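One letter stands for each residue in the lines below.
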Amino acid sequence: MTQGPKKIYGLILAGGYSKRMGQDKALLEFHGKPQVTYCYDLLTRFCGKVFVSARPDQKYFDLPMLNDHEKFSNKGPLGGILSAMTTYPEASWILLACDLPYVTAATMEHLIENRKITSIATAFISAKDGLPEPLCAIWEDHAQIRILELFHQGIKCPRKILINSDTHLITLPFDHWLDNINSPEDLKRCSKETFP
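Residues numbered from 1 in each chain as written. Predicted model: local features only at pLDDT ≥ 70, side-chain atom pairs only at ≥ 80, totals over all residues. Heavy atoms only, no water.

### Focus: the nonpolar core
What counts is decided by this rule: Side-chain atoms within 4.5 Å link the members of a nonpolar core, which is a set of buried Ala, Val, Leu, Ile, Met, Phe, Trp, Tyr and Cys residues. To sort residues, take the accessible area from a 1.4 Å probe on protein chains only and compare it with the maximum for the residue type: under 20% means buried, over 50% means exposed, and anything in between is partly exposed. Segments assigned H or I by DSSP are reported as helices when at least four residues long, segments assigned E as strands when at least two residues long, and all are numbered from the N terminus. We call two residues in contact whenever any of their non-hydrogen atoms come within 4.5 Å of each other.
Core analysis: the biggest nonpolar cluster contains 34 residues, and I12 and M108 have the highest contact counts within it. Elements supplying a minimum of two residues to this core: β1 (8-13), α1 (35-43), β2 (50-54), β4 (92-97), α3 (105-113) and β6 (132-139). By residue number, the principal contributor to this core is α1, which donates 6 residues. Setting aside anything within four residues of it in sequence, one finds M108 in contact with L42, L43, F46, I94, V103 and C136.

Shown next, in the form of structure tokens:
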């Protein structure tokens, strides 16, 4: 259940269009800095390299970007995952969506401490529906084989891939850790919270 010797990189998922929010979620500030910068600073504490997965027309300050490969473009988060794995096949990946402001170092530590490298991924169980949370999870390097197998069967949802694979699931110590911010209503509620 330990991290093991494998190389681990970080991937911040910021390529969405933020249609419900009406503004770029990666640039919202909850911790005194844009969320994409907060995620980058957080993941650099645990990963050898960290990249922002985004569309070619996006650029976030001077953060290292990793755009989708042509064959995986317009495939949502899964396109980002597969592009990262294709670019750096020797690495396992911590995925972190940019719209999860309650994720902290304690979240990452718990995820890494409970990592099982023989599974394709280690993921938290959602407090809302009991299903795997794919966008704050560790995806192992050998997961690419299984992902591509399901991808070619038409399964392009990261959560469905985890459900249909050997995924190591762990319980959230705090239900709110993976609450996401998708709408102005979420943002209004969240702005009243105190962040660590």
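### Describing the pairing of strand β5 (residues 121-125)
Worth spelling out the cut-off: Any two strands between which DSSP finds at least two bridges are classified as paired.
Where burial is concerned, most of β5 is hidden: 4 out of the 5 residues are buried. Bridge count between β5 and β6: 5 bridges; the pairing is antiparallel. Looking across to β6, one finds that T122 is bridged to I138. Where β5 folds back onto β6 in an antiparallel hairpin, the turn is made up of 6 residues, including G130, whose phi is positive at roughly 75 degrees.

### As for the side chain of Q144
With respect to the element layout, Q144 can be found in helix α4 (residues 143-151). When its relative accessible area of 17% is taken as the criterion, Q144 is described as buried. The contact partners of Q144, leaving out residues within four places of it in the chain, are L82, M85 and T86.

### Some words on the pairing of β4
β4 sits mainly inside the fold: 6 of its 6 residues count as buried. Burial of β4 is two-sided: the residues S92, I94 and L96 facing one way and the residues W93, L95 and A97 facing the other way are all buried. Strand direction decides the pairing type here: β1 and β4, joined by 6 bridges, are parallel. Note that in β4 the partner of I12 across the bridge is L96. Inspection of the sheet shows β4 paired to β6 by 4 bridges, in the antiparallel sense.

### Overview of the confidence of the model for the protein chain
Note the following rule: Note on scores: pLDDT gives the predictor's confidence for each residue, bounded by 0 and 100.
Here the protein chain averages 89 in pLDDT, and 90% of its residues register 70 or above. With pLDDT under 50 throughout, residues 1-5 is counted as low confidence; its partners more than four residues away or in other chains account for 12 contacts.

### Some details on the pattern of salt bridges
For clarity, the threshold we go by: When a carboxyl oxygen of Asp or Glu is within 4 Å of a side-chain nitrogen of Lys or Arg, the pair counts as a salt bridge.
Taken as a whole, this structure holds 8 salt bridges when the rule is applied. Among the ionic pairs, R55 bridges to D57, the shortest N-O distance being 3.1 Å. If you follow the salt bridges from partner to partner, you end up with D129, E133 and R159 in one network.

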